[in-house]
Each structure stands twice: as structure tokens, then as C-alpha cells.
Amino acid sequence: LDSIDGKHARRTQSSTPLGELFDHGLDSWATSIFVLSFFSVCSRDNGKTGVSVYTMYIYLSIVLFNFMCSHWEKYNTGVLFLPWGYDISQVVLIAAYLLTGAVGVEVWQKPLLFGYYITDALVILLIGFSLFLSFPQTLYNIHRAHLKKTLKNDSLYEVLLPLVSPLLLFILLTVWVVLSPGNILAKQPRLFLWMVGVAFSNVICKVIICQMSSTRPELFHWFLFPLALVVYAAISGLLGWTEEAVLAMFTALVTAAHVHYGVCVGRQLSEHLNIYIFSLKKRVQE
């Protein structure tokens, strides 16, 4: 139903910024959950088959980066251009679930062609579509808006500002993954990847709100500061055997903060626009 909500809102004349934020904000979170569910289907690397946790991390990062680029593009051009890769990804996921249901999980554990597995082909397609189709299209659309003088931001600093926090977030997370003394990603892959998805979702939601309200995003997202402390304590050995417990606490913190942020913003927009979130009825003016 992802592509139907906007059509239904326009049909019922109920299109609002709240609906746009609700749709894209939840998409930014669901994107990581879709990837995690796919990994659960095709299984973790066991030395012969499956996907390694590091491939999972790169895969998830690329998907989130593509999602971020689309909203970075809208922040600068005012137009949300969603490449057909988004629809293809949903169709591929549905096909993967149906294939697993019909054949069984064994389909992911047998070579497809020349010793390569289906997961290998999917990862290659993802990287290819991202690096050679989606991201270049984003840059082209921004360049075209620049030539037409329709960019919403004049300076290069303003254009690149929304990318600072996501890139720093990715750098900090990657440092933790690579330099973790306890190999935290291998020990807690679901928890770590869940935390990655929630943190990126909150960063992206704030960019979405900025492009909707034509305001400037913050240079450093507040998640970066506690994350930097946790990463430093982890890679320096200060956390020791408590690294997994600290990851769980940090994950709980960012998840609670993200839910709180979404509820607060939803209520504020609901009151400001005099509408309900889950109903077409108008709010009663006090």
C-alpha cells in the first residue's frame, strides 16, 4: 500500500504536510526493517552459505544512503524524484518472500550459477543501481536545477549541509564496526543494525521537516555526541566486557528518542493543521 496512500489522500482532498511526514518518516524507518527481514530470510554466513554481517552492514548503509539522497535532493530542488529502483526493490522483496514460502529457505543456500548464490546477485544489483543509477540521477537533478536557477539554496555550504550528520554518523558507526575489540557486529548483528536504522531514520526525518518548512538543518545531530563517546569508549577498551550492554542501552535510548520525536511532531502538526492523524474528521476548535 506504500504507493497508494498519496493517491487516496488526494482523492479525499486530505493531503497535508503531516501526511507527507508520516509517510516518508515511517518509510525511513521501515527501509531498515525491510533489509533486516530479508537478512533473516536468507540467513547469516555459516562459512558456506548466507550473508556475512559486514555485507549486511554495507547493504543497509547503501539502502539508507539512497533514501537520504532522495530527500537531500528535495531539500535543494523542492521536487521529490523517486527513481524506479524504489518500486523494483519492493517487488524484489515480495518475490523473495514468495519464493521462500514456495520453495523454502534452501533456495538461498544453493548456488545459482557458476558457484554464485542469489544473495550475491542481489548485492551486486543493489550496488550497481545505487552507484550508477540512483546517486548519479540525484546529482544530475540538482545540477539541472542549478542551471535553471531553481535551486532553493544558493551556496554550496547550504546545499551540502543536510549530508554532514548522516556522513558523520556513518563514519562513527563504521569505526565501531571495524575497530571493536569484542567484534560487536558479529556478536549482536540484529541489535546493531536496528540501532543503525533508527539513528539514520531520525536524521532523515529532521531533513524531511527542514525541506517541508524551508528551514536550515542542524549541522551536528545530537545523536552524534553520545555515539562518539560510546565509540571511543568501545574501541579504546574502556567498555571491556560491557560493550554489548552499552550497545543495548544506546539502542534503547535512540529508539525511545525517535518514537518520542515522532509522537511530539505528529501532535504539533495535528494541532496546527486542525486535523486528526488517523481520521478525516476535523478537530473541534477549542
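Data block above holds the structure.
A brief report on the enclosed structure follows. Computed from a prediction, not measured in an experiment: that's the story for all the values here. (Residues numbered from 1 in each chain as written. Predicted model: local features only at pLDDT ≥ 70, side-chain atom pairs only at ≥ 80, totals over all residues. Heavy atoms only, no water.)

### Side note on the layout of surface pockets
Logical step 1: Estimates place the volume of the second largest pocket at around 400 Å³.
Logical step 2: Around the second largest pocket sit 18 residues that line it, and Phe22, Leu26, Val259, Gly262 and Val263 are the ones nearest its centre.
Logical step 3: At the level of secondary structure, the elements contributing two or more residues to the lining of the second largest pocket comprise α2 (17-42), α8 (189-213) and α10 (243-273).
Logical step 4: Here the lining of the second largest pocket takes seven residues from α10, the largest share from any one element.
Logical step 5: Residue classes in the lining of the second largest pocket are distributed as 13 nonpolar, five polar and no charged. (1 Å grid on protein atoms, 1.4 Å probe; cavity = no way out; pocket = protein on both sides within 12 Å on 5 of 7 lines; lining within 4 Å. Points joined across faces, edges and corners; volume = space filled by probe spheres on them. Helix = DSSP H or I, 4+ residues; strand = E, 2+ residues; numbered from the N terminus. Nonpolar A, V, L, I, M, F, W, Y, C, P; charged D, E, K, R; others polar.)

### Describing a nonpolar patch on the surface
Logical step 1: Where nonpolar side chains cluster on the molecular surface, the patch consists of Tyr157, Leu168, Phe170, Ile171, Leu219, Phe220, Trp222, Phe225 and Leu253 and spans about 810 Å² of accessible area.
Logical step 2: Top element by residues in the nonpolar patch is helix α6 (residues 156-179). It accounts for four residues.
Logical step 3: Structurally, phenylalanine 220 is set in the loop between α8 and α9 (224-235). (Patch = residues over 30% accessible without salt bridge, like charges linked within 9 Å, V, L, I, M, F, W, Y side chains within 5 Å. Areas by Shrake-Rupley, 256 points an atom, 1.4 Å probe, with all protein chains shown as cover. Salt bridge = Lys/Arg side-chain N within 4 Å of Asp/Glu carboxyl O.)

### So, the nonpolar core
Logical step 1: By size, the foremost hydrophobic cluster in this structure holds 53 residues, and its most contacted members are Phe38, Phe39, Trp108, Leu173, Trp176 and Phe192.
Logical step 2: With near-sequence residues (within four places) excluded, phenylalanine 38 lies in contact with Tyr59, Leu93, Ala96, Tyr97, Trp108, Thr119 and Leu122.
Logical step 3: Leu18, Met68, Val159 and Leu269 belong to the second-largest nonpolar core, a separate cluster that totals 16 residues. (Core = buried A, V, L, I, M, F, W, Y, C linked by side-chain atoms within 4.5 Å. Buried < 20%, exposed > 50% of the residue type's maximum accessible area, 1.4 Å probe, protein only. Contact = heavy atoms within 4.5 Å.)

### Quick look at the environment of serine 28
Logical step 1: Structurally, serine 28 is set in helix α2.
Logical step 2: Residue class for serine 28 comes out buried when judged on its relative accessible area of 0%.
Logical step 3: When the C-alpha positions of serine 28 and threonine 55 are compared, they lie 20 Å apart, and in sequence the two are 27 residues distant.
Logical step 4: Not counting chain neighbours up to four residues away, the residues in contact with serine 28 comprise Leu64, Phe67, Ser201, Ile204 and Cys205.

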